[in-house]
Amino acid sequence: MQMGLRGYGEDERYTNNIDPKKKYTVSIWARAEGKAVSGPAITVGIYSNNRRKIIGEMQVDISKCKGKTYKRFSLPPMVLDDDVTMFIAPTARPADQVSAIYIDKITLIRQK
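Residues numbered from 1 in each chain as written. Predicted model: local features only at pLDDT ≥ 70, side-chain atom pairs only at ≥ 80, totals over all residues. Heavy atoms only, no water.

Draft legend 1. Layout of the packing of aromatic side chains. Under the definition given, this model contains zero aromatic pairs. Above the ring of Tyr70, the side-chain terminus of Arg31 is found at 5.4 Å from the ring centroid. Over the face of the ring belonging to Trp29 we find Lys105, whose NZ or CZ atom lies 4.6 Å from the ring centre. (Phe/Tyr/Trp six-rings, centres within 6.5 Å; stacked < 30°, edge-to-face > 60°. Lys NZ or Arg CZ within 6 Å of the ring centre and 35° of its normal.)

Structure, rendered in structure tokens:
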């Protein structure tokens, strides 16, 4: 699995060790800034290059991520194939409503 790390296929740190029979939880630790008090601020998703479709996606409301503290947001557990790309983007809003988003870390945890 490359999780958006295309071009690093030769690097042994990014070898494919995804078990196609297991589910995985993808989480981000994020925060946002802006004048808005509600509405979407961050879009997070997983795109399957093999299936050519989004297999998991969510929007994080600014009321849940606004401030100086990073908070965890997780996609539901899902089966991943061997060629997926993760995307994280600010939701389309006026710049003063959501002025910045910050991502501290991303985790991928295999379910038992």
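Draft legend 2. Examining the pairing of strand 3 (residues 53-61) more closely. Here eight bridges tie strand 2 (residues 40-48) to strand 3, and the two strands are oriented antiparallel to one another. By the bridge assignment for strand 3, Val44 is matched with Met58. (Pairing = 2+ DSSP bridges. Helix = DSSP H or I, 4+ residues; strand = E, 2+ residues; numbered from the N terminus.)

Draft legend 3. Quick peek at the pattern of salt bridges. Per the counting criterion, the structure on display carries three salt bridges. A salt bridge links Arg31 to Glu33, with the shortest nitrogen-to-oxygen separation between them at 3.0 Å. Judged by relative accessible area, which is 10%, Arg31 ranks as buried. Here Lys68 ties to Glu33 by a salt bridge, and the two come within 3.1 Å at their closest N and O atoms. Of the two residues, Lys68 sits in the loop between helix 1 (62-65) and strand 4 (71-74) while Glu33 sits in strand 1 (residues 23-33), which places them 35 residues apart along the sequence. The class of Lys68 is exposed, set by a relative accessible area of 67%. With relative accessibility at 22%, the residue Glu33 sits in the partly exposed group. Shared partners join several salt bridges into a network, and the residues in it are Arg31, Glu33 and Lys68. (Salt bridge = Lys/Arg side-chain N within 4 Å of Asp/Glu carboxyl O. Buried < 20%, exposed > 50% of the residue type's maximum accessible area, 1.4 Å probe, protein only.)

Without other data, these values stay purely geometric and don't point to any function.
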